[in-house]
Amino acid sequence: IDEVRALVARAVPMAREQNDQVVEGMIMASLARALVENGELLEAEEVSIRALGLLEAVTGILPFAQATRALVLSAQGRPDEALSISRAAYAGYC
């Protein structure tokens, strides 16, 4: 996880410098997934919400952010919320 954090620390400023919310959102979603795998669920929640905010206007990528958020919710033991956002992700994908 330390390597992931180091990559994020370098990549996010570059994305912001280029005003690229899509890249920043993808970075945040990927970080959230790594945090879940490492058991850092509170930080994963914050990061997944940030990813959703950054990607909400990008129809083609939003389902990835929603699926990431669902993963976090599921890992936190919140299956009803996870299912709801999973359905939204699926609807946006189809």
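In what follows, the structure referred to is the one given above.
Sequence order as written defines the numbering, with residues in each chain counted from 1. Reporting of local features is limited, given that this is a predicted model, to residues whose pLDDT is at least 70; pairs of side-chain atoms are given and counted only at 80 or more, and all residues count toward the totals for whole chains, interfaces and linings. Note: side-chain values were computed over all heavy atoms of the structure, leaving out hydrogens and water.

Engineer: Help me get a handle on the pattern of salt bridges, residues and values and all.
Structural biologist: Close approach of charged atoms lets side chains of opposite charge pair. Think of a salt bridge as a Lys or Arg side-chain nitrogen and an Asp or Glu carboxyl oxygen that are within 4 Å of each other. Taken as a whole and assessed by the stated rule, the structure comprises seven salt bridges. Between R16 and E24 there is a salt bridge, and its shortest N-O distance comes to 3.0 Å. Only protein chains enter the accessibility calculation, which uses a 1.4 Å probe; a residue whose area is less than 20% of its type maximum is buried, one above 50% is exposed, and one in between is partly exposed. Residue R16 is classed as partly exposed on the basis of its relative accessible area, which comes to 47%. Three or more residues joined by partner-sharing salt bridges are found here, namely E45, R69, R78 and E81.

Engineer: For the nonpolar core, give the residues involved together with the corresponding values.
Structural biologist: Within the largest apolar cluster, 14 residues are counted, with the highest numbers of intra-cluster contacts made by V8, M28, L31 and V47. Every helix listed is a DSSP run of H or I at least four residues long, and every strand listed is a run of E at least two residues long, numbered separately from the N terminus. Those elements that place two or more of their residues in this core are α1 (2–17), α2 (21–37) and α3 (41–55). Looking at this core element by element, the count peaks at seven residues for α2. Counting eight residues, the second largest nonpolar core, distinct from the first, contains L52, L62, A70 and L73. We define a nonpolar core as any set of buried Ala, Val, Leu, Ile, Met, Phe, Trp, Tyr and Cys residues linked to one another through side-chain atoms lying within 4.5 Å.

Engineer: So what's going on with helix α5 (residues 79–93)? Which residues, and what values?
Structural biologist: Between its first and last C-alpha atoms α5 spans 20 Å; for 15 residues at 1.5 Å apiece the expected length is 21 Å, and the two agree. Looking only at α5, the buried set comprises A82, I85 and A89. Here the buried residues of α5 occupy an arc of 75° about the axis, which is enough to place them on one side. Away from its buried face, by an angle of more than 90 degrees, α5 presents the exposed residues D80, R87, Y90 and A91. In this analysis, the expected span of each helix is defined as 1.5 Å times one less than the number of residues it contains. Arc definition: it is the arc formed by the directions from the helix axis to the C-beta atoms.

Engineer: Outline unusual backbone geometry, listing residues and values.
Structural biologist: Note on backbone geometry: most residues besides glycine have negative phi, and most peptide bonds are trans. Phi angles above zero are rare outside glycine, and N19 is one such case at about 55°. Residue position: N19 is located in the loop between α1 and α2. Residue N19 is classed as exposed on the basis of its relative accessible area of 64%.

Engineer: How would you sum up the packing of helix α4 (residues 62–75) against α5? Please name residues and give values.
Structural biologist: Contact geometry of α4 with α5 gives a least axis separation of 8 Å together with a crossing angle of 165°. Between α4 and α5, the angle falls in the class roughly antiparallel. By crossing handedness, the relation of α4 to α5 is classed as left-handed. Here P63, Q66, A67, R69, A70, L73 and S74 of α4 come into contact with α5, specifically with E81, A82, I85, S86, A88, A89, G92 and Y93. Classes in brief: Ala, Val, Leu, Ile, Met, Phe, Trp, Tyr, Cys and Pro nonpolar; Asp, Glu, Lys and Arg charged; the others, Gly included, polar. Looking at the contact of α4 with α5 residue by residue, the classes come out as nine nonpolar, four polar and two charged. Here an axis means a line fitted to C-alpha atoms, over the contact stretch when the element is a helix, while the angle between two N-to-C directions is reported on a 0 to 180 degree scale. Just so you know how the angles are binned, under 35 degrees is roughly parallel, over 145 roughly antiparallel, 65 to 115 roughly perpendicular, and the rest oblique. It is the rotation of the near helix from the far one that decides the hand of a crossing: anticlockwise by less than a right angle makes it left-handed, clockwise makes it right-handed. Contact between two residues is taken to exist if any of their heavy atoms lie within 4.5 Å; hydrogens are not considered.

Engineer: Can you explain the environment of L41? Please cite residues and give values.
Structural biologist: Within the element layout of this structure, L41 appears in helix α3. Each C-alpha atom of the pair L41 and A65 lies 16 Å from the other, and the pair is 24 residues apart in sequence. Leaving out residues up to four positions away in the same chain, L41 has contacts with V36, V72, A75 and Q76.

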